[in-house]
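# Fold and contact review
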Amino acid sequence: MAKPSDFPDGFAHYPLYFSPAEQETLIAEVRTATETAPFFQPRMPRTGTPLSVVMSNFGPLGWVTDKEGGYRYEAQHPKTGAPWPPLPDILTKLWQDVTDWPDLPEACLINWYKDGAKMGMHVDRDELAVNAPVVSVSLGDPAMFRIGGPQRGGKTQGVKLLSGDVVVLAKEARRCYHGISKVDYGQSALVPKGGRINLTMRRVNL
Ligand code: SIN
Ligand code: FE2
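Described below are features of the structure shown in this document. The structure presented is a predicted model; accordingly, all values stated were derived computationally and were not measured. (Residues numbered from 1 in each chain as written. Chains lettered and ligands numbered in written order. Predicted model: local features only at pLDDT ≥ 70, side-chain atom pairs only at ≥ 80, totals over all residues. Heavy atoms only, no water.)

Right, let's talk about the pattern of salt bridges for a bit. Taken as a whole and judged by the stated rule, the model has eight salt bridges. A salt bridge links R202 to D124; the shortest N-O distance between them is 2.8 Å. Of this pair, R202 sits in strand β12 (residues 196-202) while D124 is found in the loop between β6 (119-122) and β7 (134-140), placing the two residues 78 residues apart along the sequence. Each of the two residues, R202 as well as D124, counts as buried. Residue E127 pairs with R202 through a salt bridge whose shortest N-O separation is 3.7 Å. Highlighted residues: E127 in the loop between β6 and β7 and R202 in strand β12, separated in sequence by 75 residues. Here the two residues E127 and R202 agree in accessibility, since each one is buried. One network of salt bridges, with partners in common, ties together D124, E127, R174 and R202. (Salt bridge = Lys/Arg side-chain N within 4 Å of Asp/Glu carboxyl O. Helix = DSSP H or I, 4+ residues; strand = E, 2+ residues; numbered from the N terminus. Buried < 20%, exposed > 50% of the residue type's maximum accessible area, 1.4 Å probe, protein only.)

Dropping the structure here:
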């Protein structure tokens, strides 16, 4: 078991930050948003290989990726061309509670992990605001989050994330490799069609 001090500076885990009732509210927000901004299949730049999650976004900007355009932020949904639904108040409040960043996040990525989905080790680096914290919420099935250092392939620490948990990556942790190595599919009934939903808020512009 890793000591908290083994985690990079700026890593914070808030177990069960959201109550079961608040988790239901968040899932209802996701359901409403994805009626107008449906989940889309993200693809790797150049190869076009699909990621194992499907995605949507809240906020003035949304993170998208496809074969032709690669990783980027866009103000419109890639399929409908419509603006993304607004960031729910409950998420704005979370950002203000757990960060002291003066600006609000512009993007909140919605990742849906269905059976077998994971997220390879990566650094979030498509933002101009490279020092703004990243705040993420876990909903539904438990997942193993791994975080290493600023170099790919180094030693990593694991943290089990449960529904309602919040993670903040600030300071040094903001530049560290991280990913989801496994989701314990079928453990939670929160997500109506099963699996895990992760909401990741980011400030994009300076
Ligand atoms: C990510 O870092 O892109 C997602 C992390 C998570 O699903 O908890
Ligand atoms: Fe990330």
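What follows covers the side chain of D141. Looking at the secondary structure, you find D141 in the loop between β7 and β8 (143-147). Of the side chains with opposite charge, R196 lies nearest to the buried D141, which makes no salt bridge, at 8.5 Å. In terms of polar contacts, D141 uses its side chain to reach the backbone amide nitrogen of G186, at 2.8 Å. In terms of polar contacts, D141 uses its side chain to reach the backbone amide nitrogen of S188, at 2.7 Å. Among all residues touching D141, those that are not within four sequence positions of it are L161, V183, D184, Y185, G186, Q187, S188, G195 and R196. (Lys, Arg positive; Asp, Glu negative; His and termini not counted. Polar contact = N/O pair within 3.5 Å; in protein donor to acceptor, adjacent residues only side chain to side chain. Contact = heavy atoms within 4.5 Å.)

Before going further, it helps to examine unusual backbone geometry. We note that L16 has phi near 50°; this positive angle belongs to a residue other than glycine. As for its position among the elements, L16 is in the loop between β1 (11-14) and α1 (20-36).

The next point concerns the packing of aromatic side chains. For the structure shown, the criterion picks out seven aromatic pairs. The interplanar angle of 50° and the centroid separation of 5.0 Å between the aromatic rings of F39 and W112 together place this pair among those described as tilted. With F39 in the loop between α1 and β2 (54-58) and W112 in strand β5 (residues 107-113), this residue pair connects regions lying 73 residues apart in the sequence. Among the residues examined, F39 registers a relative accessible area of 25% and is labelled partly exposed. Owing to a relative accessible area of 10%, W112 belongs among the buried residues under this scheme. Geometrically, the ring pair formed by F40 and W84 is tilted, given 6.2 Å between the ring centres and 45° between the ring planes. Of this pair, F40 sits in the loop between α1 and β2 while W84 sits in the loop between β4 (72-74) and α2 (89-98); the two residues are 44 residues apart in sequence, bridging distant segments of the chain. In this pair, the class of F40 matches that of W84, namely buried. One aromatic cluster is present, built from ring pairs that chain together F7, F11 and F145. For K114, the ring lying beneath its charged end belongs to W112, and the centroid distance is 4.4 Å. (Phe/Tyr/Trp six-rings, centres within 6.5 Å; stacked < 30°, edge-to-face > 60°. Lys NZ or Arg CZ within 6 Å of the ring centre and 35° of its normal.)

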